[in-house]
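# Chains, contacts and geometry: an overview
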Amino acid sequence: DINITLTESTGTSYTFIPGKDISKDPKVTVAANSETCYLFIKVTKENWPSTSKISYTMAEGWNELTGNEGVFYREVASSTSEQAFHVITGDKIMVSSELTKAELNDFATPISFSVKAFAVQKDGIADANAAWDVIPTADKN
């Protein structure tokens, strides 16, 4: 019995302004009294610019799953209290002050950054890779 929620309060449409970070606060919460589990997030970036002038870092505690780009996990022990985990450090996407208008104009197609969350009971599962394999492929897309 594992119950999770994925929330975000910052909206879905953003404007890139050189030197101004973008608030982005995805957070996964494991409900109180959930079983000990592997908690996964899958981060998907579409049309993401190749420039390093727009970036983010994963929040502390997330480990990238070997061989699965964009999939991160953590082990969460059962607790009588809900446990919330932020996805990206500081709840922001960083935009360099050196980002130029020419680079912004290269974003002809809107870019996206999306997160999906999954949980699998840890008991009886050897490791995070085996837990990820339990999740149906159709759900991961």
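In short, a report on the structure.

Cut-offs used in this document
- Residues numbered from 1 in each chain as written.
- Predicted model: local features only at pLDDT ≥ 70, side-chain atom pairs only at ≥ 80, totals over all residues.
- Heavy atoms only, no water.
- Phe/Tyr/Trp six-rings, centres within 6.5 Å; stacked < 30°, edge-to-face > 60°.
- Helix = DSSP H or I, 4+ residues; strand = E, 2+ residues; numbered from the N terminus.
- Buried < 20%, exposed > 50% of the residue type's maximum accessible area, 1.4 Å probe, protein only.
- Lys NZ or Arg CZ within 6 Å of the ring centre and 35° of its normal.
- 1 Å grid on protein atoms, 1.4 Å probe; cavity = no way out; pocket = protein on both sides within 12 Å on 5 of 7 lines; lining within 4 Å.
- Points joined across faces, edges and corners; volume = space filled by probe spheres on them.
- Nonpolar A, V, L, I, M, F, W, Y, C, P; charged D, E, K, R; others polar.
- Pairing = 2+ DSSP bridges.
- Contact = heavy atoms within 4.5 Å.

Another point: the packing of aromatic side chains. Under the definition given, this model contains four aromatic pairs. With a centroid separation of 4.9 Å and an interplanar angle of 80°, the aromatic rings of Y56 and F113 are classed as edge-to-face. Here Y56, found in the loop between β5 (54-55) and β6 (63-64), pairs with F113, found in strand β10 (residues 112-121); they are 57 residues apart in sequence, far enough to count as distant. Both residues of the pair, Y56 and F113, belong to the buried class. Stacked on the ring of W62, the Lys or Arg R74 has its end atom at 4.7 Å from the ring centre.

Looking at the largest pocket, its volume works out to about 260 Å³. Around the largest pocket, the lining comprises 14 residues; the ones closest to its centre are T12, Y14, I111, S112 and F113. Split into classes, the residues belonging to the lining of the largest pocket amount to eight nonpolar, four polar and two charged.

This part covers unusual backbone geometry. A negative phi holds for most residues other than glycine; trans holds for most peptide bonds. In this structure, N33 is a non-glycine residue whose phi angle is positive, near 70°. With respect to the helices and strands, N33 occurs in the loop between β3 (27-30) and β4 (37-46). Positive phi, normally seen in glycine, also occurs at D91, with a value near 50°.

With that settled, the discussion passes to the pairing of strand β9 (residues 92-95). Of the two faces of β9, only one is covered, namely that formed by I93 and V95; the face formed by K92 and M94 stays uncovered. When strand β2 (residues 22-23) meets β9, the two strands line up antiparallel, connected through two bridges. In the sheet register, S23 faces β9, and the bridge partner there is K92. Sheet topology note: the β5/β9 ladder contains two bridges and is antiparallel. Each bridged residue has a counterpart across the sheet, and for I54 the counterpart in β9 is V95.

Of note, Y73 is situated in strand β7 (residues 71-76). Distance from Y73 to I111, taken between C-alpha atoms, is 24 Å for residues 38 residues apart in sequence. Setting aside residues no more than four positions away along its own chain, Y73 makes contact with Y38, L39, F40, G61, W62, N63, E64, L65 and A128.

What follows concerns the environment of T80. Note that T80 resides in the loop between β7 and β8 (83-86). Taking the C-alpha atoms as reference points, T80 and S34, separated by 46 residues in sequence, lie 8.1 Å from one another. Ignoring any residue separated from it by four or fewer positions in sequence, one finds T80 in contact with A32 and N33.

In short, geometric facts, not functional conclusions.
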